[in-house]
Amino acid sequence: MSTSTLRIGVLMPEVLGTYGDSGNALILAERARRRGIDAEVVHVGLTEEIPDSLDIYTLGGGEDTAQALAADKFRGTSGLARALDAGRPLLAICASLQVLGHWYEDARGVRVPGMGVLDITTRPQGHRAIGELVCEPVLNGLTQTLTGFENHGGGTVLGPDASPLGRVISGVGNGTPQGEEVPEVRYDGAVQGSVIATYMHGPALARNPELADLLLERATGATLEPLDVPGVAELREERLIRDQSSELLTADSAQRSPVCYVGTFSSICAAYSRVE
């Protein structure tokens, strides 16, 4: 940590905040505070310089136009690159995963240069992946099943310098670019250096507290004691049971699913806000 207060950045929420992913920073801050660590959430807008002094950085999802604006921003500023060079952890979700790669192709087939901090490329799948995503983690330090809600049209291919976050149990995950053969074993996300990226919305850290604590440990350099927030474990178990018992989402159920994950996040926020 750079100061006595843990500073958690939410970068460009006006363009990378479509699916409530800014909630990841709120979860990080609350889990830090409950362990006696002062924490502050810092919002950095599209027109502001990205500081290299934050302790954790978070990025969310966005649509094509917003994603292109974010890509332009990253290519024109060096603050985030300096922070990553210093080993500061970054959580990136969906569209921001694609932007951090070498390049991505949008829905029109236009190739957009990325920031190049992840050894990945993304091309359209030819269809959207919409629904629940469940993965078995393959990242050291994680043991609990990962869950989230995915909604994307890109197929992301990892190069040799990037590793996946998890092996897909159900859902699509990184997907497959149109015209390529779907692999027998599918993965979600990309991990490289201090970057952890995934297609999981939810927000991801509300649904996966172990991942939140891994980011906090990387930022603070300390081993954190387990944190029991009444109600969170029960809500997570309920979500897992629903995922395990559900078949692939139909088009109709996919339209209703955002209510499910927003409802889950609201319930978890309520659990964190209860007086103990």
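Up top you'll find the structure we're talking about.
Residues numbered from 1 in each chain as written. Predicted model: local features only at pLDDT ≥ 70, side-chain atom pairs only at ≥ 80, totals over all residues. Heavy atoms only, no water.

Let us now look at the pattern of salt bridges. Tallied over the full model, the rule gives eleven salt bridges. The shortest N-O distance in the salt bridge between Asp 213 and Arg 35 comes to 2.9 Å. You can see Asp 213 sitting in helix H6 (residues 209–220) and its partner Arg 35 sitting in the loop between helix H1 (23–33) and strand S2 (39–44), a full 178 residues away along the chain. In this structure, the salt-bridge partner of Arg 111 is Glu 105, at a minimum N-O distance of 3.1 Å. Given a relative accessible area of 48%, Arg 111 falls into the partly exposed group. Here the salt bridges share partners, and the residues they tie into one network are Glu 30, Arg 33 and Arg 34. (Salt bridge = Lys/Arg side-chain N within 4 Å of Asp/Glu carboxyl O. Helix = DSSP H or I, 4+ residues; strand = E, 2+ residues; numbered from the N terminus. Buried < 20%, exposed > 50% of the residue type's maximum accessible area, 1.4 Å probe, protein only.)

Attention now moves to the nonpolar core. Judged by nonpolar contacts, the single largest core of 66 residues is most densely connected at Leu 6, Leu 59, Phe 74, Leu 80, Leu 100 and Ile 196. At six residues, the largest contribution of residues to this core is made by H6. (Core = buried A, V, L, I, M, F, W, Y, C linked by side-chain atoms within 4.5 Å.)

With six bridges joining them, strand S1 (residues 6–11) and S2 adopt parallel strand pairing. Directly across from Gly 9, in S2, lies its bridge partner Val 42. Handedness of the crossover joining S1 and S2 through H1: right-handed. (Pairing = 2+ DSSP bridges. Right-handed = clockwise from strand over helix to strand, strands pointing away.)

The next thing to look at is H1. For H1, the buried fraction is high: eight of the eleven residues fall into the buried class. Three or more residues of H1 are buried, namely Gly 23, Asn 24, Ala 25, Ile 27, Leu 28, Ala 29, Arg 31 and Ala 32.

The grouping of Val 138, Val 185 and Tyr 187 at the surface amounts to a nonpolar patch, some 230 Å² of accessible area in total. Note that Val 185 resides in the loop between strand S9 (166–170) and strand S10 (187–188). The exposure class assigned to Val 185 is partly exposed, which follows from its relative accessible area of 40%. (Patch = residues over 30% accessible without salt bridge, like charges linked within 9 Å, V, L, I, M, F, W, Y side chains within 5 Å. Areas by Shrake-Rupley, 256 points an atom, 1.4 Å probe, with all protein chains shown as cover.)

Remark: H1 packs on H6, axes separated minimally by 10 Å, with the N-to-C direction vectors making an angle of 70°. One element, H1, and the other, H6, form an angle in the roughly perpendicular class. Of H6, the residues touching H1 (which contributes Ile 27, Leu 28, Arg 31 and Ala 32) are Pro 209, Ala 212, Asp 213, Leu 215 and Leu 216. Class assignment for the residues of the contact of H1 with H6 results in seven nonpolar, no polar and two charged. (Axes fitted to C-alpha atoms, helices over the stretch in contact; angles between N-to-C directions. Parallel < 35°, antiparallel > 145°, perpendicular 65-115°, else oblique. Contact = heavy atoms within 4.5 Å. Nonpolar A, V, L, I, M, F, W, Y, C, P; charged D, E, K, R; others polar.)

This part covers the sheet that holds S1. Spatial ordering of the open sheet is given by S2-S1-S3-S4-S12-S11, a layout of six strands whose pairing is mixed. Every interior strand has two partners, whereas the edge strands, S2 and strand S11 (190–192), have only one. Neighbour-to-neighbour, the strand axes of the sheet open up by a mean angle of 15°, direction not taken into account. Examined bridge by bridge, S11 and strand S12 (residues 195–198) share three bridges and lie antiparallel to one another. When the sheet's bridge partners are listed, Ala 190 is paired in S12 with Ala 197. Sitting on the sheet, H1 touches S1, S2, strand S3 (56–59) and strand S4 (90–93), and the angle it makes with S2 is about 160°. Contacting S1, S3, S4 and S12, H6 runs over the sheet at an angle of about 160° to S12.

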